Amino acid sequence: DQQVKQNSPSLSVQEGRISILNCDYTNSMFDYFLWYKKYPAEGPTFLISISSIKDKNEDGRFTVFLNKSAKHLSLHIVPSQPGDSAVYFCAASENYGGSQGNLIFGKGTKLSVKP
Amino acid sequence: GAGVSQTPSNKVTEKGKYVELRCDPISGHTALYWYRQSLGQGPEFLIYFQGTGAADDSGLPNDRFFAVRPEGSVSTLKIQRTERGDSAVYLCASSLQGNYGYTFGSGTRLTVV
């Protein structure tokens, strides 16, 4: 059973608008969450993260929101740009700040930003 | 080097053969990870090294898979008696002291025919 779920395989957004990518998780022991972005033929690139002690983390155009009671997080991109078109992976871990390497990834959401 | 380097970028092998996939992490990164990404799936954890030792190998699917990192830098993922189900992109990542903002390589696409 998948512990990290990204239920939308794809999302299409107009340039300049907000992109909202969603992620749900089932393991209440997860305490650290990350978003990665992946272009074709490249490895995933770390984008932004949040620990379970926070409900929001912002970095430029990217904001991640965490709702622990709902076991839900979302990534907001404002304003969206064509260069943001990529596959976005949500990932989670039980070992915030520790040296345990095991991240659990969702299946990804393909974002297309149209000019 | 500037990034995580993985070789080869593509590997086609026959069922039953042995393959080695190489990862050259960012210089100075003590933590190294192997993940596998099958079509339509997210990366799936295989093994994590801290220095020369495997700190967590719980993701290796079976004993056909083995990885080493003898000098604490370059790592090799070894797959014996390959099966068609092993076909995937094998991703390597490294980080400084095991923090989570990994840097991934571009991966090795393994195809078993």
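Residues numbered from 1 in each chain as written. Chains lettered and ligands numbered in written order. Predicted model: local features only at pLDDT ≥ 70, side-chain atom pairs only at ≥ 80, totals over all residues. Heavy atoms only, no water.

A word on the overall build of chain A
- Helices and strands together make up the secondary structure of chain A, namely 0 helices and 11 strands.
- Its helices and strands in sequence order give chain A the pattern β-β-β-β-β-β-β-β-β-β-β, from N to C terminus.
- At 14 Å, chain A has a C-alpha radius of gyration in line with the 13 Å of a compact globule built from 115 residues.
- Across its three principal axes, chain A shows a C-alpha extent of roughly 40 × 30 × 25 Å.
- A buried classification covers 43% of the 115 residues belonging to chain A.
- Long-range contacts, defined here as pairs at least 24 residues apart, represent 56% of the contacts in chain A between residues at least 6 apart.
- Surface exposure of chain A reaches about 5600 Å², of which carbon and sulfur atoms provide 47%.
- Positive and negative side-chain charges of chain A, numbering 12 and 10 respectively, have mean locations separated by a distance of 5 Å. (Helix = DSSP H or I, 4+ residues; strand = E, 2+ residues; numbered from the N terminus. Rg over C-alpha atoms; globule rule 2.2 N^0.38 Å. Buried < 20%, exposed > 50% of the residue type's maximum accessible area, 1.4 Å probe, protein only. Contact = heavy atoms within 4.5 Å. Areas by Shrake-Rupley, 256 points an atom, 1.4 Å probe, with all protein chains shown as cover. Lys, Arg positive; Asp, Glu negative; His and termini not counted. Charge placed at Lys NZ, Arg CZ, Asp CG, Glu CD.)

Re the sheet that holds strand E8 (residues 75-79) of chain B
Residues and elements named next belong to chain B.
- The strand order E1-E3-E8-E7 describes an open sheet built from 4 strands, whose pairing is antiparallel. The two strands at the open ends of the sheet, each matched to only one other strand, are strand E1 (5-7) and strand E7 (65-68). This sheet shows a mean twist of 15° between the axes of neighbouring strands, independent of strand direction. (Pairing = 2+ DSSP bridges. Axes fitted to C-alpha atoms, helices over the stretch in contact; angles between N-to-C directions.)

Overview of the pairing of strand E9 (residues 88-95) of chain B
Residues and elements named next belong to chain B.
- By the criterion of burial, E9 is predominantly enclosed, with 8 of the 8 residues buried.
- Along E9, one buried face is formed by Ala88, Tyr90, Cys92 and Ser94 and the opposite face, lined by Val89, Leu91, Ala93 and Ser95, is buried too.
- For strand E4 (residues 31-37) and E9, the ladder comprises 7 bridges, and the chain directions are antiparallel. Paired with tryptophan 34 across the bridge in E9 is cysteine 92.
- The pairing of E9 with strand E11 (residues 108-112) spans 3 bridges and is antiparallel. Paired with alanine 88 across the strands is leucine 110, a residue of E11.

Digging into the sheet that holds strand E7 (residues 62-67) of chain A
Residues and elements named next belong to chain A.
- The antiparallel open sheet is built from 5 strands, whose spatial order is E1-E3-E8-E7-E6. Since the sheet does not close on itself, it has two edges, and those belong to strand E1 (4-5) and strand E6 (56-59), each with one partner.
- Bridge count for E6 against E7 is 4 bridges, and the pairing is antiparallel. Note that in E7 the partner of aspartate 59 across the bridge is phenylalanine 62.

Considerations on the state of the cysteines
- Taken as a whole and judged by the stated rule, the model has 2 disulfides over all chains.
- A disulfide bridge connects A:Cys23 with A:Cys90, and the sulfur atoms are separated by 2.0 Å. Between A:Cys23 and A:Cys90 the sulfur-sulfur dihedral comes to about -75°; the bridge is accordingly left-handed. Residue A:Cys23 is found in strand E3 (residues 19-25), and its partner A:Cys90 is found in strand E9 (residues 86-93); the two are separated by 67 residues along the sequence. Note on accessibility: A:Cys23 and A:Cys90 belong to one class, buried.
- Residue B:Cys23 pairs covalently with B:Cys92 via a disulfide, S to S 1.8 Å. Taking the sign of the torsion about the S-S bond as the criterion, the disulfide between B:Cys23 and B:Cys92, at about -70°, is left-handed. With a gap of 69 residues between them, B:Cys23 in strand E3 (residues 19-24) and B:Cys92 in strand E9 connect regions that are remote in the sequence. The residues B:Cys23 and B:Cys92 share a single accessibility class, namely buried. (Disulfide = S-S within 2.5 Å.)

Keep in mind these values describe shape, not function.
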